[in-house]
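Analysis of the macromolecular model
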Amino acid sequence: MNWLREQGISDRLIADIEHFRAFYKVAEEDEDRVANPAYPFFGKEALETAITVLLDGDNLLITGEKATGKNVLAENLSRIFNRPLFNASFNINTDSHSLLGSDTFKNNEVVFQPGLIMECARRGGFAVLDEINMAKNEAISVLHSALDYRRIIDISGYQRQPIHEATRFIGTMNYGYAGTRELNEALASRFMILELQPLGKDTLEDILAVEFADLNPDVREEIIGFFLDIQAKALNSEISNKVVDLRGLLAGIRSIRRGLRPARAFTMGMINKTFDEFERKIANDVMKLRFPKDMDGSHFFDK
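Source: prediction; values computed, not measured.

1. With respect to the pairing of strand 5 (residues 126-130)
Within strand 5, five of the five residues are buried, leaving the element largely enclosed by the surrounding structure. Neither face of strand 5 is exposed, since F126, V128 and D130 on one face and A127 and L129 on the opposite face are all buried. Of the pairings in the sheet, the one linking strand 2 (residues 85-89) to strand 5 comprises five bridges and is parallel in character. When the bridges of strand 5 are listed, N87 appears paired with V128. Bridge analysis of strand 5 against strand 8 (residues 168-173) gives four bridges, and the strand direction is parallel.

2. Considering helix 6 (residues 116-123)
Counting buried residues in helix 6 gives six out of eight residues, a clear majority hidden from the surface. Looking one or two places after helix 6, you find G124, whose phi comes out positive at around 70 degrees.

3. Regarding the pattern of salt bridges
A side chain with one charge can pair with a side chain of the opposite charge if their charged atoms come near. Counted by the stated rule, this structure contains 16 salt bridges. In this structure, R5 engages E18 in a salt bridge whose closest nitrogen and oxygen atoms are separated by 3.9 Å. Note that R5 is positioned in helix 1 (residues 2-6) and E18 in helix 2 (residues 11-23), a separation of 13 residues in sequence. On the basis of relative accessible area, R5 is assigned to the partly exposed category, the value being 40%. A relative accessible area of 38% means that E18 is categorised as partly exposed. Connected through salt bridges with shared partners, the residues D30, E119, R122 and R123 form a single ionic network.

4. Quick word on the layout of surface pockets
Taken as a whole, the largest pocket holds about 540 Å³ of empty space. Around the largest pocket, the lining comprises 23 residues; the ones closest to its centre are A67, G69, K70, V72 and R247. Of all elements in the fold, only helix 4 (70-81), helix 10 (201-211) and helix 12 (246-258) reach the threshold of two or more residues within the lining of the largest pocket. With four residues, helix 4 is the single largest residue contributor to the lining of the largest pocket. The residue makeup of the lining of the largest pocket, split by class, is eleven nonpolar, five polar and seven charged. Here the second largest pocket is characterised by a volume of approximately 260 Å³. As for the second largest pocket, its lining consists of 16 residues, and the residues nearest its centre are F41, G43, A46, L196 and Q197.

5. Description of the sheet that holds strand 1 (residues 60-64)
Strand order in the open sheet formed by five strands is 2-5-8-1-9, and the pairing between neighbours is parallel. Strands at the two margins of the open sheet, each flanked by one partner only, are strand 2 and strand 9 (192-196). Between one strand and the next, the sheet's axes are offset by a mean angle of 20 degrees, whatever the strand orientation.

6. Describing the environment of L47
In this fold, L47 is placed in helix 3 (residues 44-55). Residues L47 and S189 lie 142 residues apart in sequence; the distance between their C-alpha atoms is 21 Å.

Here is what the cut-offs are and how they apply
Residues numbered from 1 in each chain as written. Predicted model: local features only at pLDDT ≥ 70, side-chain atom pairs only at ≥ 80, totals over all residues. Heavy atoms only, no water. Buried < 20%, exposed > 50% of the residue type's maximum accessible area, 1.4 Å probe, protein only. Helix = DSSP H or I, 4+ residues; strand = E, 2+ residues; numbered from the N terminus. Pairing = 2+ DSSP bridges. Salt bridge = Lys/Arg side-chain N within 4 Å of Asp/Glu carboxyl O. 1 Å grid on protein atoms, 1.4 Å probe; cavity = no way out; pocket = protein on both sides within 12 Å on 5 of 7 lines; lining within 4 Å. Points joined across faces, edges and corners; volume = space filled by probe spheres on them. Nonpolar A, V, L, I, M, F, W, Y, C, P; charged D, E, K, R; others polar. Axes fitted to C-alpha atoms, helices over the stretch in contact; angles between N-to-C directions.

Geometry only, nothing functional implied.
Okay, here's the thing in structure tokens:
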């Protein structure tokens, strides 16, 4: 809990989290399902909001632009509350059988094989409904009774499955991606909705300090400036948000540590994420201002 205190999370919330963890102890068989995030989530207001919603027993829907940390926040919440994490990735082919379960043949008899959501409900986990606005409405509708005050899953021909008291549903969604759709009103009403803001300078500094403690401070400022410049281009609709890729930025820095030239590393990690030549040229011009093509990475890291 020390990193929560370092971010200024209130002592009252931390005490409530500790009480939750003590009351709902994770089963030994589920310990390997508790998330171990690669990065901590930075953002006091968003963290406090998400923690409060989950402590109140409500479901949480995390929205925001690309590279705002939606999945990172979901993983961190699993770690904070010490609950097993079940991740359901939605697409147009996701149906009720993949979520809840289906009949299967085992030991010469037909038995019910529980789906991911059913298992989460039974074991008191945190279910991440990833890209929930890519699923067909008929797939999501089977979860309505689980997501509202009834907190049950009822499958024809089988006993009703009550939802474990510690179970929480955390949805994530982006706007504007191919295949996405408007969230229907009935589903949206079952969530408290948290919109994450685009990454700022302070948050990027925190992330780079954790991931690359030996990064030269001057170079860190240039990297942050480069990412924010690209992000500003996307927010102003000069380019798409495909290039705004935090994972690609971090992968590029790791490649530079291995000896790749900065321009080449960031081209592969970010600029090549778009296949539009006009967008690539704009992003490449932004990069050249900070990382010329002939620049090497010899002064990126402290010796």
